[in-house]
Amino acid sequence: MAVISEPAAAGRRSPFDWLQTILPKLVLAPSFAVTIVCVYGFILFTLYLSMTNSTMMPRLDSWAGLTQYEKLWADPKWTISLVNLAIYGVLYIGISTAIGLLLAILLDQRIRIEGALRTIYLYPMAISFIVTGTAWKWILNPGLGLDKLMHDLGWTSFTFDWLINGDMAIYTIVIAGIWQSSGFVMAMFLAGLRGVDSDILKAAAIDGATLPQTYRRIIIPLMRPVFLSAFVVSAHLAIKSFDLVMALTAGGPGTSTWMPALYMYSLTFTRNQMGLGAASAVIMLATISAIIVPYLYSELRGGRRD
Amino acid sequence: MFKTYFTATAASLLALAAAAYAPSAAAQAQEEVEVMHWWTSGGEAAALNVLKEQLQKEGVTWKDAPVAGGGGDAAMTALRARVTAGDKPTSVQLLGLSVHDWAAEGVLADLTPLAEKEHWADHIPPAIQAFSTYDGKWVAAPVNIHRTNWLWINKKLLDKVGGTAPTNWDEFQALAKKFKDAGITPLAHGGQPWQESTIFDAIVVSVGGNDFYKKAFVDLDPAALGSDTMQKAFDQLRVLRGWVDPNFSGRDWNLASAMVINGEAGMQVMGDWAKGEFIKAGLKPGVDIVCVPYPGSEKAFLFNSDQFAMFSLDDKARQDAQLKLASAIESPSFQESFNLVKGSIPANTEVKPDKFDPCGQKSMADRDAFKSTGGMLPSLAHGHAASAAVKGAIYDVVTNFFNSDQSSADAAKALADAVALAK
Amino acid sequence: MAAVTEASIMVPGPRSGLSVALRWLLFAILGVFALIYLFPLFVMVVTSLKTLDEVRAGNLLSLPPNPTLEPWVSAWSTTCVGLTCEGLKGYFLNSILMTVPAVAISAVLGALNGYVLTKWRFRGDGIVFALILFGCFIPFQIVLLPMARTLGLLGLASSTPGLIFIHVVYGLCFTTLFFRNYYAAFPNDLVKSAMIDGAGFFRIFWRILLPNSIPIIVVTVIWQFTNIWNDFLFGVSFAGGGGAMPVTVALNNIVNSSTGVKEYNVHMAAAIIAALPTLVVYVLAGRYFVRGLMAGAVKG
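Numbering of residues starts from 1 in every chain and runs along the sequence as written. To label them, take the chains in the order written and letter them from A, then take the ligands in the order written and number them from 1. Only residues with pLDDT of at least 70 are given local features in this predicted model, and only at 80 or more are side-chain atom pairs given and counted; all residues enter the totals for whole chains, interfaces and linings.

On to the overall build of chain C, then. Helix and strand assignments follow DSSP, with helices taken as H or I runs no shorter than four residues and strands as E runs no shorter than two, numbered in order from the N terminus. The helix and strand inventory of chain C stands at 14 helices and zero strands. Along chain C, from the amino end to the carboxyl end, the secondary structure elements read α-α-α-α-α-α-α-α-α-α-α-α-α-α. Burial analysis of chain C (300 residues in total) assigns 55% to the buried set. Contact between two residues is assigned when their C-beta atoms, built from the backbone, lie within 7 Å. Taking the contacts inside chain C whose residues are at least 6 apart along the sequence as the reference set, 76% of them involve residues at least 24 apart. Exposed residues have 12 or fewer other C-beta atoms within 10 Å of their own C-beta, buried residues have 20 or more, and residues in between are partly exposed; the C-beta atoms are placed from the backbone.

A count of helices and strands for chain A gives 13 helices and zero strands. Reading chain A from its N end, one meets helices and strands in the order α-α-α-α-α-α-α-α-α-α-α-α-α. Restricting the calculation to C-alpha atoms gives the radius of gyration, and the globule rule supplies 2.2 Å times the number of residues raised to the power 0.38. What you see for chain A is a C-alpha radius of gyration of 25 Å, clearly larger than the 19 Å of a compact globule of 306 residues, by over 25%. Reported as C-alpha extents along the three principal axes, the dimensions of chain A are approximately 70 × 65 × 25 Å. A fraction of 66% describes how many contacts in chain A between residues 6 or more apart in sequence connect residues 24 or more apart.

The next point concerns the interface of chain C and chain B. Taken residue by residue, the interface counts 32 residues in chain C and 40 residues in chain B. Those elements that place two or more of their residues in the side of chain C that touches chain B are helix 4 (89-119), helix 6 (140-154), helix 11 (233-238) and helix 12 (247-255) of chain C. The element contributing the most residues to the side of chain C that touches chain B is helix 6 of chain C, with six residues. Ten residues, namely Ala, Val, Leu, Ile, Met, Phe, Trp, Tyr, Cys and Pro, are considered nonpolar, four, namely Asp, Glu, Lys and Arg, are considered charged, and the remaining ones, Gly among them, are considered polar. Of the residues contributing to the side of chain C that touches chain B, the split by class is 16 nonpolar, 15 polar and one charged.

Now for the sheet that holds strand 11 (residues 289-293) of chain B. All names here are of chain B. What makes two strands pair is DSSP finding at least two bridges between them. What the four strands build is an open sheet, ordered 9-10-8-11; its pairing is mixed. Looking at which strands have only one partner, the edges of the open sheet turn out to be strand 9 (185-187) and strand 11. Between one strand axis and the next, the sheet turns by 20 degrees as a mean value, whatever way the strands run. To get an axis, a line is fitted to the C-alpha atoms, and for a helix only the part in contact is used. The angle between two axes follows their N-to-C directions and goes from 0 to 180 degrees. Docked against the sheet, helix 13 (residues 253-262) engages strand 8 (150-154), strand 9 and strand 10 (265-270), running at close to 145 degrees with respect to strand 10.

Further remarks concern the confidence of the model for chain A. Residues of chain A with pLDDT of at least 70 account for 92%, and the chain-wide mean is 82. Confidence scores per residue from the predictor, reported as pLDDT, run from 0 to 100. Throughout residues 1-10 of chain A the model reports pLDDT below 50, and contacts reaching past four residues in sequence, or to other chains, amount to 15 contacts.

Quick look at unusual backbone geometry now. Its identity as a non-glycine residue notwithstanding, alanine 250 of chain A has a phi of 50 degrees, on the positive side. As for its position among the elements, alanine 250 of chain A is in the loop between helix 11 (242-248) and helix 12 (260-270). Located in the positive-phi region is aspartate 135 of chain B, a residue other than glycine, with phi close to 60 degrees. Along the chain, aspartate 135 of chain B falls in the loop between strand 4 (133-134) and strand 5 (137-138).

Across the boundary between the two partners, chain A contributes 87 residues, which contact 88 residues of chain C. Looking at which element gives the most residues to the side of chain A that touches chain C, the answer is helix 1 (residues 15-49) of chain A, with 16 residues.

All names here are of chain B. Three or more residues of helix 16 (residues 332-342) are buried, namely Phe334, Gln335, Phe338, Asn339 and Lys342. Taken end-on, helix 16 shows its buried residues confined to a sector of 110 degrees, consistent with a single buried face. Note on helix 16: the residue one or two positions beyond its end, glycine 343, has a positive phi of about 100 degrees. Directions pointing from the helix axis toward each C-beta atom define the arc.

Residues and elements named next belong to chain A. In this model, helix 1 (35 residues) spans 48 Å end to end at C-alpha, consistent with the 51 Å of a helix rising 1.5 Å per residue. To get the bend at a given residue, fit one axis to the seven residues ending there, fit another to the seven starting there, and take the angle between those axes. The largest bend in helix 1 amounts to roughly 40 degrees and is located at alanine 29, with the proline proline 30 lying one to four residues further along. Three or more residues of helix 1 are buried, namely Pro24, Leu28, Ser31, Thr35, Cys38, Val39, Thr46 and Leu49. Take the number of residues in a helix, subtract one, and multiply by 1.5 Å to get its expected span.

This brings us to the environment of lysine 178 of chain B. All names here are of chain B. On the secondary structure map, lysine 178 appears in helix 9 (residues 169-181). On a C-alpha basis, the gap between lysine 178 and tryptophan 194 in space is 28 Å, while along the polypeptide they are 16 residues apart. Residue contacts for lysine 178: discarding those within four places in its chain leaves Val161 and Gly163.

Once that is clear, we can look at the sheet that holds strand 15 (residues 376-378) of chain B. Backbone hydrogen bonds hold the strands of a sheet together, and the pairing may be parallel or antiparallel. Residue and element names in this part refer to chain B. Read across the sheet, four strands follow the order 14-7-12-15 without closing on themselves; strand pairing throughout is mixed. Each of the sheet's edge strands pairs with one partner strand only, and the pair in question is strand 14 (345-346) and strand 15. Pairing geometry for strand 7 (residues 144-147) and strand 14, over two bridges, is antiparallel. Bridged to isoleucine 145 within strand 14 is isoleucine 345.

Moving on, we get to the pairing of strand 10 of chain B. All names here are of chain B. In terms of burial, strand 10 is a largely internal element, six of the six residues being buried. Summarising the sheet, strand 8 and strand 10 pair through four bridges and their orientation is antiparallel. Considered in strand 10, the bridge of tryptophan 150 is made with methionine 270. Strand direction decides the pairing type here: strand 9 and strand 10, joined by two bridges, are parallel. Paired with leucine 187 across the strands is methionine 267, a residue of strand 10.

It is the contact of helix 1 of chain A with helix 5 (residues 125-134) of chain C, at a shortest axis distance of 10 Å, that shows an interaxial angle of 50 degrees. With respect to their mutual orientation, helix 1 of chain A and helix 5 of chain C come out oblique. When you trace helix 1 of chain A past helix 5 of chain C, the crossing you get is left-handed. Listed contacts from helix 5 of chain C to Leu28, Ser31, Phe32 and Thr35 of chain A of helix 1 of chain A are Val128, Leu131 and Ile132 of chain C. Its residues placed into classes, the contact of helix 1 of chain A with helix 5 of chain C shows five nonpolar, two polar and no charged. Geometric relationships in this document are graded by angle, where less than 35 degrees denotes roughly parallel, more than 145 denotes roughly antiparallel, 65 to 115 denotes roughly perpendicular, and other angles denote oblique. Helix crossings are classified by the rotation of the near helix relative to the far one: an anticlockwise turn of less than a right angle makes the crossing left-handed, while a clockwise turn makes it right-handed.

By our criterion, buried Ala, Val, Leu, Ile, Met, Phe, Trp, Tyr and Cys residues that link up through C-beta atoms within 7 Å make up a nonpolar core. Within the largest apolar cluster, 326 residues are counted, with the highest numbers of intra-cluster contacts made by Phe189 of chain A together with Ala309 and Leu415 of chain B. In terms of residue count, the dominant contributor to this core is helix 7 (residues 169-194) of chain A (16 residues). Of the residues that make up this core, three or more belong to each of domain 1 (32-146 + 305-369) and domain 2 (147-303 + 379-422) of chain B. Once you skip the residues sitting within four places of it in the chain, alanine 309 of chain B turns out to touch Ser91, Val92, Leu94, Val99, Trp102, Leu108, Val139 and Ala140 of chain B. These domain boundaries are the output of an automatic or database domain assignment.

With respect to the secondary-structure elements, proline 187 of chain C resides in the loop between helix 7 (160-184) and helix 8 (188-196). On a C-alpha basis, the gap between proline 187 of chain C and isoleucine 208 of chain C in space is 11 Å, while along the polypeptide they are 21 residues apart.

Turning our eyes to something else, we now look at the confidence of the model for chain C. All names here are of chain C. On average, residues of chain C score 81 in pLDDT, and 86% of them reach the 70 mark or higher. Element-level pLDDT for chain C is lowest in helix 14 (residues 295-299), with a mean of 31, against a maximum mean of 92 in helix 4. Note that pLDDT drops below 50 for residues 1-17; the model gives that stretch 19 contacts with residues more than four away or on any other chain. Within the model, pLDDT remains below 50 along residues 291-300, and this stretch shows 21 contacts once partners closer than five positions in the same chain are excluded. Two summary scores accompany this predicted model of the complex, namely pTM at 0.85 and ipTM at 0.83.

Rendered as structure tokens:
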């Protein structure tokens with residue numbers, strides 16, 4: 001399929017053609033400009049901050065070189081945060097995508113109550129985590145929640161004390177996180193599935209392909225852009241997982257569920273160590289880039305080939 | 001059809017926008033105070049409402065900017081954003097050294113003329129004044145004084161096990177054992193870093209005395225922080241760890257107080273804001289709920305004081321309103337009514353103790369007595385002893401110790417290291 | 001364009017006895033998931049219908065012995081947000097005034113961006129897209145203070161237009177992503193033929209792409225509405241005082257008050273009220289998850 005490029009100028013450059021050339025870029029320009037300032041400009045600002053001794057407010061004249069970075073790596077909470085992000089990120093993105101895709105495929109099967117089911121899977125995203133956090137804290141609280149419920153129902157040997165267990169608490173955050181947003185991933189996949197040209201599907205059916213084969217060979221490969229979106233969305237939520245952590249464990253028990261977003265916030269705004277917080281933000285961004293940029297590159301590369 | 005729908009939506013959006021953002025005839029010249037605070041719950045908000053009404057009588061409107069959560073964390077973030085954006089509120093509730101931090105930024109107003117006129121220096125304890133002033137200038141109006149090293153005991157349970165209020169470590173342990181044997185959780189605790197540090201503050205002053213506390217938590221002397229005395233303090237914390245129920249993690253402090261109220265637990269180590277909870281539940285301090293200083297810390301008043309810091313404003317009308325606010329805050333009538341609800345004691349020593357309950361009266365007596373003995377000690381756990389960075393570092397060490405099997409020796413060393421890093 | 005209903009255009013599937021068993025399995029799996037997803041909501045609703053004593057006495061799932069709507073009334077009109085005890089209703093409007101324009105503007109801009117990036121290629125457009133996309137990963141705490149300065153300079157501090165500005169800026173990456181991916185799969189033949197017919201930039205967008213973008217508009221609106229409505233950090237930092245305070249900040253003030261009895265029942269009611277608009281959006285938007293909108297279009 002040919003890419004639509006600038007209108008072939010057979011020597012004539014009417015004002016209309018010129019406008020058509022410049023207009024797309026003009027339309028894109030505001031978004032681009034605003035992104036450059038409000039994303040990259042601010043990242044540079046943060047980078048600069050990370051090399052100052054800023055405490056409560058930015059102190060642009062207190063140059064500190066790389067001291068903040070030294071302090072960062074000497075802080076055990078930081079290593080804990082990074083490990084937690086890795087665990088959380090991999091599990092959260094992987095399981096959300098898998099569940100989202102599964103539910104989308106299942107819902108795609110012409111069911112009468114699809115509307116209701118779709119809303120049921122989606123609604124968790126609607127509710128602010130400030131309060132679903134409380135609900136989850138109850139559910140996962142040994143002695144008050146699931147634990148007690150199971151005991152009341154008779155399974156007295158059931159224990160679920162992950163929330164207060166330093167080693168397992170991070171997984172409770174994974175559970176709550178997946179609950180909250182896999183519905184949206186499902187919605188994205190469903191939109192994608194519904195966008196597949198039904199002629200292709202009819203052709204496949206005529207060729208005798210079974211439903212699983214149709215999905216595996218035709219539909220899922222066509223979903224590549226959706227996988228990209230799903231990844232971006234989940235990764236964004238995983239990185240931003242500040243509200244979630246605060247509501248469920250606030251970093252506890254002890255400091256076992258600290259995450260980079262919490263670290264950055266806490267050090268910048270609560271502990272008046274803005275320079276250190278900025279350093280952590282820079283490292284966070286660097287790590288994110290290291291993972292996402294190659295992925296984006298490969299995806300966007302591949303996309304151009306058509 | 002699509003086009004009609006789209007056009008209709010766009011049109012209604014524009015109409016809505018025009019209506020909503022039309023510049024309102026804002027009477028900017030009127031006297032208005034915008035107050036940022038985190039007293040959003042029933043009792044405290046009601047008490048603050050008294051202030052609002054008092055000001056209304058003087059012609060000042062109160063614009064409320066409440067930001068709940070985290071003992072002020074969210075509020076501090078919002079404050080930073082607002083100051084950076086150039087949109088300062090009139091007054092903000094600040095704790096301890098935060099006042100100095102903001103004063104150092106040069107954004108606070110000078111209340112000295114008002115303070116001199118109303119003789120604040122005579123009525124406010126010097127230990128508290130230290131936080132309301134910066135560089136010789138008054139910048140904040142203290143509202144109250146909390147004492148954080150209290151031990152609260154459910155009287156009914158105390159009688160049930162035949163115990164008495166402990167005055168030292170041995171008696172404390174004996175009482176805890178009595179509770180445990182009777183199937184009552186000895187200590188109600190909420191597993192949050194600040195709560196664990198509040199307890200640790202009291203332990204440190206009890207184990208090492210007032211001077212040791214000052215050396216370790218105010219002067220941040222590394223030798224004191226890593227000393228054997230500190231290790232002994234950690235030992236004591238380890239023992240207390242054995243007195244809490246398994247579900248303590250993440251519990252809010254008022255839910256721990258509820259455990260004492262219900263009779264599930266016998267004791268709680270908490271500041272006197274807990275008294276507010278007990279009073280609300282109908283327990284009379286001194287009668288149904290026993291209050292003693294943390295065993296061993298009778299000579300120390302670990303204090304925490306809420307201050308309303310005043311920000312520098314340009315508008316003359318708003319400045320006048322601000323002064324009225326500051327004056328109203330220090331007025332004996334407001335000081336009395338607010339503190340009766342909050343559980344703390346007035347920062348203004350002119351207020352008579354008559355209306356206060358026995359625990360409050362004891363607090364007020366100690367406040368006045370300790371003026372000269374050096375017994376008024378700034379609480380570390382509540383941001384009065386050391387900077388936010390150091391406080392945070394100590395929180396981490398204490399909470400990790402509490403939630404793990406770490407040895408006291410390791411903990412003391414970790415404490416010294418963490419503070420050195422955070423200084 | 002004919003209105004398409006959900007069941008009309010579907011893929012014919014194989015029909016056999018096996019498929020009946022599979023359909024039961026299908027329902028079973030979907031059902032189990034539905035129960036898991038509904039569980040916390042059930043806890044919340046059930047709690048919001050009890051009195052406080054009942055909440056303390058029972059367990060998570062126990063049904064309210066005497067269901068009462070009192071917590072709901074309280075949440076809407078009398079519960080205290082700081083010193084103002086008028087419930088959530090005022091803040092609701094603030095949130096709507098902030099969210100609707102922000103969603104609309106960011107969606108339109110995203111659609112235009114996606115359109116440009118896929119149908120009007122130019123050198124370096126891949127890089128532009130990647131640069132815009134990367135903005136999705138920036139944690140908001142980083143931009144808080146610089147943005148505060150920016151808003152101050154623009155005179156938009158502590159106001160709803162300021163919040164709209166921020167949400168549009170940080171929503172652009174997502175809306176651009178969604179539309180760009182969708183339009184990438186949009187057949188170019190249609191666009192080319194329109195160009196040959198003399199249609200210009202905006203006409204092609206308006207007449208051809210936009211009407212066929214319903215599914216992705218739905219997804220975008222859901223995402224943006226949810227994120228903007230539920231945002232707390234920007235709301236508390238840039239609209240913390242009365243006038244423009246969104247409902248999430250008010251909810252936080254209700255739920256996270258640090259002393260006193262926690263009225264869990266009122267909190268749950270308040271949270272559900274705060275979530276209602278988003279839920280309504282989900283229900284309404286769901287109707288547009290239709291397959292085969294493209295079916296007739298390609299054949300030309």
